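The primary structure of each chain is shown beneath.
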Amino acid sequence: MKLQKGQIIELKIEKIVYGGEGLGYYNNEFAMFVPMSVPGDILKVEIISLKKTYGRALIKSIISPGEERISDLNRLTFEDFQGCDFGMLNYESQLKYKRDMVEDVVRRIGKNSIVNIEETLGSPVESNYRNKVIEPFSLNGNEIITGFFKRKSHDVFQVEDNMLNSILGNKIISKLKDILNKKKISVYDEKRHKGLLRHVMVRTNSFNEAMLVLIINDTKISENIKEILKEVMDNFKEVVSVYVSLNDRKTNVALGNKNILICGEKTIKEDISGIHFNISPTSFFQINLEQTRRLYELAISMFENIENKNIVDAYAGTGTIGMILSKKAKKVYSIEIVESAVKDGIKTAKENKIENVEFICGDVNQELGKLIKAEAIDSIILDPPRKGIDEESLLNISKVGIKEIVYISCNPSTFARDIEILEKEGYELVKVKPVDMFPQTSHIEVVGRLIKK
Ligand SMILES: C[S@@+](CC[C@H](N)C(=O)[O-])C[C@H]1O[C@@H](n2cnc3c(N)ncnc32)[C@H](O)[C@@H]1O
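Quick notes on the rules
Residues numbered from 1 in each chain as written. Predicted model: local features only at pLDDT ≥ 70, side-chain atom pairs only at ≥ 80, totals over all residues. Heavy atoms only, no water. Helix = DSSP H or I, 4+ residues; strand = E, 2+ residues; numbered from the N terminus. Buried < 20%, exposed > 50% of the residue type's maximum accessible area, 1.4 Å probe, protein only. Contact = heavy atoms within 4.5 Å. Areas by Shrake-Rupley, 256 points an atom, 1.4 Å probe, with all protein chains shown as cover. Lys, Arg positive; Asp, Glu negative; His and termini not counted. Charge placed at Lys NZ, Arg CZ, Asp CG, Glu CD. Salt bridge = Lys/Arg side-chain N within 4 Å of Asp/Glu carboxyl O. Pairing = 2+ DSSP bridges. Domains from an automatic or database assignment. Buried area = accessible area lost by both parts, 1.4 Å probe. Near = heavy atom within 4 Å. Polar contact = N/O pair within 3.5 Å; in protein donor to acceptor, adjacent residues only side chain to side chain. Nonpolar A, V, L, I, M, F, W, Y, C, P; charged D, E, K, R; others polar.

- The protein appears in an unreviewed UniProt entry as 23S rRNA (Uracil(1939)-C(5))-methyltransferase RlmD from Candidatus Cetobacterium colombiensis.

Written out as structure tokens, the structure reads:
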């Protein structure tokens, strides 16, 4: 029988593939990918798309659950459980499949069949770990809501007490929504490019403090909006910093170019390794604090010896790794493209009396080549965004013969691609450790050590 979109079929899930979806074969031959499914599941699924050789389907009901499925089946909405596309798996299995995904890309894309992929380092905190929450506004009838975009769409679904967000973040957003609903503020409609409320962002820290950023489609801030934000601040002594971000562009990027402090502090603080870091609204900061401490410790332990070494921290963010390294290294050069992050880093270095870190504000693709030609660099740590590293930068590192590289990546595919380039240049990948920064999701961080042969 020819399959059709909308058809409901029975399917047994065989495995989880890279990207996190389950895979089953209809009639033992036609590949069907199913989000939030678990190997061993026998399911009723509805086909939502069909290609020549494969299709995608959503779970309608579970006939018999796979062994690794969590017992609380009621928690699941089947399509996308609170943005937790691995929320249906028990935690141990999440770690196992994440390791397998890293192995898959290192072997397939990185063409490395030798290196041992270690077990995933699990997170000590499995829920409510996000110290940054950013949610789009939407309307449900007349009610202002915030939440998640449905898969492959811009429709928003609301989640009460989201299980990834910090608990304080959830409370602040909930209060803000109450006030906005009372005041009947308009919500941004991206098709018409009209309406005010675009996103809300809340950063929280380990001192139980919060930064609130309201992102609006406007070029100025009305008194009404200022009053609303002050009311939120009056309700939460934890809120130490309030911003409005003006974003009147037609864009998917949440934060605008102008971020205006309404009240409180310019930055929120966080402590890692006894250093108090400063974080502005637009600066990158790792979202799972407890696991970040372990990630940094692991990455730094992968250097053979940092004492008296000159080290580059490329893609430095607010300078976290570089400043921890600077406790033992001779000198650290931190390269970062976002100006606010560099400013935060310079402020942190000053406040913590760190004098052997030099910040370079610019694009790694240009600045790294210049720096390593000018200075004798012993080692480098790379922590790029998802798209990975420009090939020219990798070739530059190799040309000057830097002996050891520690590479942190939040995207194993681009990590594997870059590793292959470095291996062709005479580097050997000697250690790979997946680190779970994002429990309940299929995202996985990976740290690798490379040495020049
Ligand atoms: C994954 S974050 C890592 C930040 C930092 N190492 C940390 O752990 O907080 C990547 C950083 O690279 C920066 N970035 C992205 N593209 C860049 C480029 N071409 N040159 C320099 N920095 C870049 C981003 O702004 C972000 O701060």
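1. Re the overall build of the protein
Here's step 1: From N to C terminus, the protein includes nine helices and 22 strands.
Here's step 2: Taking the principal axes of its C-alpha atoms as reference, the protein extends roughly 65 × 60 × 35 Å.
Here's step 3: Scored against the burial criterion, the 453 residues of the protein give a buried share of 57%.
Here's step 4: Across the protein, contacts joining residues at least 24 apart in sequence account for 63% of those joining residues at least 6 apart.
Here's step 5: A total accessible area of about 20,700 Å² is found for the protein, and carbon and sulfur atoms account for 48% of it.
Here's step 6: Side-chain charges of the protein comprise 66 positive and 65 negative groups, with the mean position of each set lying 4 Å from the other.

2. So, the environment of Lys387
Here's step 1: Relative to the helices and strands, Lys387 resides in the loop between strand S19 (379-382) and helix H8 (391-399).
Here's step 2: Under the relative-accessibility criterion, Lys387 is labelled exposed at 66%.
Here's step 3: Residues Lys387 and Ser409, 22 residues apart in the sequence, show an inter-C-alpha distance of 9.5 Å.
Here's step 4: Not counting residues within four places of it along the chain, the set of residues in contact with Lys387 comprises Thr414 and Arg417.

3. Here's the deal with the pattern of salt bridges
Here's step 1: Enumeration over the complete set of coordinates arrives at 23 salt bridges.
Here's step 2: Residue Lys111 pairs with Glu420 through a salt bridge whose shortest N-O separation is 3.8 Å. Of this pair, Lys111 sits in the loop between helix H1 (91-108) and strand S6 (132-140) while Glu420 sits in helix H9 (residues 412-424), and the two are 309 residues apart along the sequence.
Here's step 3: Here the salt bridges share partners, and the residues they tie into one network are Arg99, Asp100, Glu103 and Arg107.

4. As for the pairing of strand S15 (residues 275-279)
Here's step 1: In terms of burial, S15 is a largely internal element, four of the five residues being buried.
Here's step 2: Linking strand S14 (residues 268-272) to S15, which pair antiparallel, is a turn of two residues; within it Ser273 sits at a positive phi near 55°.

5. What about the domain arrangement of the protein?
Here's step 1: Entries for the protein in the domain assignment read domain 1 (8-79), domain 2 (96-124 + 288-452) and domain 3 (132-271).
Here's step 2: Centre-to-centre separation of domain 2 and domain 3, based on C-alpha positions: 32 Å.
Here's step 3: Of the residues lining the interface, eight residues belong to domain 2; the matching set on domain 3 comes to seven residues.
Here's step 4: At the boundary of domain 2 with domain 3, total buried surface from both sides reaches about 500 Å², with 53% on carbon and sulfur atoms.
Here's step 5: The interface formed by domain 2 and domain 3 holds one salt bridge in total.
Here's step 6: The closest approach of N and O atoms between Glu351 and Lys269, which form a salt bridge, is 3.2 Å.

6. Here we look at the site of the ligand
Here's step 1: Lining the immediate surroundings of the ligand are 17 residues, of which Tyr296, Glu336, Asp363, Val364 and Asp383 lie closest.
Here's step 2: Contacts to the ligand include Glu336, whose side-chain N or O atom sits 2.7 Å from an oxygen atom.
Here's step 3: Within the backbone of Ile337, one N or O atom sits 3.2 Å away from a nitrogen atom of the ligand.
Here's step 4: In isolation the ligand exposes 600 Å². Once the protein is present, 91% of that is buried.
Here's step 5: Considering only residue class, the shell around the ligand consists of ten nonpolar, four polar and three charged.

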